[in-house]
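So you can see what is in the structure, the chains are spelled out below.
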Amino acid sequence: MNTNSQRAAILVLLVLLMTATRLHLPATLTHFGPVPDASWAVFFLGGFYLRGWTRWAFPLLMVLAVAVDYLVISGQGMNFWAHYCTSAAYWFLVPAYFALWTGGLLVRRFHATHAGQHGRVLAVTVASLFASVVVCHLLSQGSFYWLSSDVVPNPTVAGWWKNYSDWFVPYLRVAAIYVGLAVIAHVGIEQLARLGHQKASR
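Since the model is a prediction, treat every value here as computed from it, not as a measurement. (Residues numbered from 1 in each chain as written. Predicted model: local features only at pLDDT ≥ 70, side-chain atom pairs only at ≥ 80, totals over all residues. Heavy atoms only, no water.)

Asker: Explanation requested: the overall build of the protein in the structure shown.
Answerer: For the protein, the helix and strand inventory stands at eight helices and zero strands. Order of helices (α) and strands (β) in the protein, N terminus to C terminus: α-α-α-α-α-α-α-α. Across the 202 residues that make up the protein, the buried fraction comes to 38%. In the protein, once contacts between residues fewer than 6 apart in sequence are set aside, the share between residues at least 24 apart is 72%. In the structure as shown, the protein presents an accessible area of about 11,700 Å², 69% of it carried by carbon and sulfur atoms. (Helix = DSSP H or I, 4+ residues; strand = E, 2+ residues; numbered from the N terminus. Buried < 20%, exposed > 50% of the residue type's maximum accessible area, 1.4 Å probe, protein only. Contact = heavy atoms within 4.5 Å. Areas by Shrake-Rupley, 256 points an atom, 1.4 Å probe, with all protein chains shown as cover.)

Asker: Even after reading the chapter, I still don't get a nonpolar patch on the surface, so can you show me in this structure?
Answerer: Together, Phe-92, Trp-146, Leu-147 and Val-157 make up an exposed nonpolar region whose accessible area comes to about 390 Å². With respect to the helices and strands, the residue Phe-92 is situated in the loop between helix H5 (88–91) and helix H6 (93–113). Judged by relative accessible area, which is 33%, Phe-92 ranks as partly exposed. (Patch = residues over 30% accessible without salt bridge, like charges linked within 9 Å, V, L, I, M, F, W, Y side chains within 5 Å. Salt bridge = Lys/Arg side-chain N within 4 Å of Asp/Glu carboxyl O.)

Asker: I'm lost on the packing of aromatic side chains in this one. Help?
Answerer: In this description, an aromatic ring pair is defined by two values, namely the gap between the centres and the angle between the planes. Within this structure, the stated rule accounts for 15 aromatic pairs. Aromatic side chains Phe-130 and Phe-168 sit 5.7 Å apart centroid to centroid with 85° between the ring planes, which places their arrangement in the edge-to-face category. Linking Phe-130 in helix H7 (residues 118–147) with Phe-168 in helix H8 (residues 157–201), this pair joins segments that are 38 residues apart in sequence. Look at Phe-168 and you get buried, because its relative accessible area is 12%. Taking the centre distance of 5.9 Å and the plane angle of 55° together, the rings of Trp-160 and Trp-161 count as tilted. Relative accessible area serves as the criterion here: at 18%, Trp-160 is assigned to the buried category. Residue classification places Trp-161 among the partly exposed residues on the basis of a relative accessible area of 49%. What links up through ring pairs into an aromatic cluster is the set Phe-43, Phe-58, Tyr-97, Phe-98 and Trp-101. Sitting over the face of the ring of Phe-48, Arg-108 holds its NZ or CZ atom 4.8 Å from the ring centroid. (Phe/Tyr/Trp six-rings, centres within 6.5 Å; stacked < 30°, edge-to-face > 60°. Lys NZ or Arg CZ within 6 Å of the ring centre and 35° of its normal.)

Dropping the structure here:
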């Protein structure tokens, strides 16, 4: 496959992953129950794999995230347009998700200039994912906490920090699980491609 075909295939996979996990579709399709939302990992992986399509791939995934929120909130019997999801706090998700996308971009750039140095690339991936989740959580959780009066009527710094710290590890853990699986798949595919190239050159 050429570069555009590979990117298109990856984009489709990311779209399906985010949609299925945000809607908890596995709960209705299998006996395993709902799986954690993969959105944060999807945006990080999008930055890595879809760097050349950032101008439209990121907005596409962002629109998809909002559309799924609409379906989930409406499905719970709430009016999406009257909910805080139409407030300024909600739209802080755009720069929050872009922080994750940027983390993926940085890893891609480092990967391109340090091909073969798997240990260094892995270390940069871990550090970049951690920093991206910190910033994303700061923007998304902070906006809801400080700007949504219907969520937190009397916000305080202590309350914000407790809320931030309580949710940080779960979000980081879920993002790390999906990114970790993607790293394993990426390395495996690279190794298979290298073996195939070596056999073809003999």
